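# Descriptive analysis of the structure
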Amino acid sequence: MKDRRKGPIGRAAGIAEGVAAAVRRMQREREPRVLVYDQTGYARLIQPEARGHERILEVGERMVQVATGADDGRGGSRGGGSEEAA
Amino acid sequence: MGATLTPERTAARLCELSSDARTAVLIDAAGALAGSCDPDPERARMLGDLARELFETVDRATRDWEAEPAEQVEVQVQGGAVFASRTPRWTLAVVARRGALSSLMLYDLRAVLGELEGGPPIRVATAAEEGAPGRASEEDAAGDLPVPELGRDRDDEGSR
């Protein structure tokens, strides 16, 4: 089977597709999420609309704030902190 | 390295193992802080309380699931990630950088808890130039491989 020869436009389109996919992946990975694992390592996602999801995220964010020293006394506020604040 | 891991040392052990770990805490079954790698005791106490609350909240959220209670939890938030693992006796929680690999962090948590509970100690590999002299040749290193090297048997037979 022959590879289809790509010209400069095809190569540029390929690079653009790769960049777009990477951006989409990074955005997806940055979305807050909660996963729980059983003893066998089987993962389950706690859905955003599920009971307790919001509270778990608040506790997680609070832990990150405390660990990074960004503790400003707020209890469970959402959306603070930078990735490399420490 | 041969010494038994103590609860006081457990969180620090995890922070040594993982470069993505910012801080870690160990709490006992009663929820009391048993160890931390955070130098600030007040912060360690807060993290311990939050780790206990994390599993309590997860247990409430998953109460209706037809599954065993969660052994490990991963929470990804904007500024980082929290991973926690528990046994009937201990809960170990770590705050990690956002890009930390989940599988590695969860594996490290389980391995450190296993070591604390009397399991085999974790072997940490060192780079050849940093390690002790000896065992530096490729032939010696190949001896550690779990699979036989291709062509080795034939060479051995030829030399007999």
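Residues numbered from 1 in each chain as written. Chains lettered and ligands numbered in written order. Predicted model: local features only at pLDDT ≥ 70, side-chain atom pairs only at ≥ 80, totals over all residues.

## Some thoughts on the overall build of chain B
Worth spelling out the cut-off: Starting at the N terminus, helices and strands are each numbered in turn, a helix being any DSSP run of H or I of at least four residues and a strand any DSSP run of E of at least two. Note on contacts: each residue gets a C-beta atom placed from the backbone, and two residues are in contact if those atoms are within 7 Å.
Each helix and strand counted, chain B has five helices and five strands in total. In sequence order, chain B lays out its α and β elements as α-β-β-α-β-β-β-α-α-α. A separation of at least 24 residues holds for 48% of the contacts in chain B among residues at least 6 apart in sequence.

## Some details on the overall build of chain A
Put simply, the test is: Around each residue's C-beta, the other C-beta atoms within 10 Å are counted; 20 or more make the residue buried, 12 or fewer make it exposed, and counts in between make it partly exposed. All C-beta atoms are placed from the backbone.
A tally of regular secondary structure across chain A gives two helices and two strands. Going residue by residue from the N terminus, the α and β elements of chain A occur as α-β-β-α. Buried residues in chain A amount to 19% of all 86 residues. Counting contacts in chain A only where the partners sit at least 6 residues apart, residues at least 24 apart contribute 3% of the total.

## Description of the sheet that holds strand β2 (residues 33-36) of chain B
Let me state the cut-off plainly: Two strands pair under a simple rule: DSSP has to find at least two bridges between them. Think of each axis as a best-fit line through the C-alpha atoms, taken over the contacting stretch in the case of a helix, with angles from 0 to 180 degrees between the N-to-C directions.
Read across the open sheet, the seven strands follow the order β2(A)-β1(A)-β3(B)-β4(B)-β5(B)-β1(B)-β2(B); overall the sheet is antiparallel. Each edge of the open sheet carries a strand with a single partner, namely β2 (43-46) of chain A together with β2 of chain B. Strand after strand, the sheet turns through a mean of 20° between neighbouring axes, direction not considered. Across three bridges, the pairing between strand β1 (residues 21-28) of chain B and β2(B) is antiparallel. When the bridges of β2(B) are listed, B:Ile27 appears paired with B:Leu33. Lying over the sheet, helix α2 (residues 41-61) of chain B contacts β1 (33-37) and β2 of chain A together with β1, β2, β3 (72-77), β4 (80-86) and β5 (90-96) of chain B, oriented at roughly 70° with respect to β1(B).

## Description of the environment of A:Gly7
Residue and element names in this part refer to chain A. Of note, glycine 7 is situated in the segment before α1 (8-30). In this structure glycine 7 comes out as exposed when scored by C-beta crowding, with 8 C-beta atoms within 10 Å. Between the C-alpha atom of glycine 7 and that of arginine 51, which follows or precedes it by 44 residues, the distance is 53 Å.

## Things to note about the interface of chain A and chain B
Heads up, the rule is: Gly is placed with the polar residues, together with every amino acid not listed as nonpolar (Ala, Val, Leu, Ile, Met, Phe, Trp, Tyr, Cys and Pro) or charged (Asp, Glu, Lys and Arg).
Tallying the contact residues gives 32 residues for chain A and 30 residues for chain B. Broken down by secondary-structure element, the contributors of at least two residues to the side of chain A that touches chain B are β1 and α2 (53-68) of chain A. No other element matches the 13 residues that α2(A) contributes to the side of chain A that touches chain B. Split into classes, the residues belonging to the side of chain A that touches chain B amount to 16 nonpolar, nine polar and seven charged. Examined bridge by bridge, β1(A) and β3(B) share five bridges and lie antiparallel to one another.

## Focus on the nonpolar core
All names here are of chain B. As a reminder of what qualifies: Buried Ala, Val, Leu, Ile, Met, Phe, Trp, Tyr and Cys residues whose C-beta atoms connect them within 7 Å together make up a nonpolar core.
One finds Ala24, Val25, Leu54, Val82, Leu92 and Val94 to be the most contacted residues of the largest nonpolar core, which totals 51 residues. A total of nine residues in this core trace back to one element, the largest contributor, which is α2. When neighbours within four sequence positions are excluded, leucine 92 is seen to be in contact with Thr10, Ala11, Leu14, Ala24, Leu26, Ala84, Ser85, Leu109, Val112 and Leu113.

## A few points about the confidence of the model for chain B
Test applied: Per residue, pLDDT measures the predictor's confidence, with a range of 0 to 100.
Predicted confidence across chain B gives a mean pLDDT of 83, with 78% of residues reaching 70 or more. Prediction confidence for the complex, expressed as pTM and ipTM, is 0.71 and 0.74 respectively.

## Concerning the environment of B:Arg97
Residue and element names in this part refer to chain B. Topologically, arginine 97 is positioned in the loop between β5 and α3 (102-116). The spatial distance from the C-alpha of arginine 97 to the C-alpha of alanine 24 is 12 Å, given a sequence separation of 73 residues. Contact partners of arginine 97, with chain neighbours within four places excluded, come to Asp20, Arg22 and Gly80.

## Some details on α2(A)
Residues and elements named next belong to chain A. Defined as follows: By this rule the span expected of a helix is its residue count minus one, scaled by 1.5 Å.
Relative to the 22 Å expected for 16 residues at 1.5 Å per residue, α2 spans 23 Å between its end C-alpha atoms, a close match to the ideal helical length. With 12 of its 16 residues buried, α2 lies for the most part within the structure. Taken together, the buried positions of α2 are occupied by Ile56, Leu57, Val59, Gly60, Glu61, Arg62, Met63, Val64, Gln65, Val66, Ala67 and Thr68. Immediately downstream of α2, the backbone of glycine 69 shows phi near 75°, a positive value.

## Considering the confidence of the model for chain A
Residue-level pLDDT values for chain A average 78, and 73% of them are 70 or greater. Here residues 71-86 of chain A scores under 50 on pLDDT; set against residues more than four positions off or in separate chains, the count is 26 contacts.

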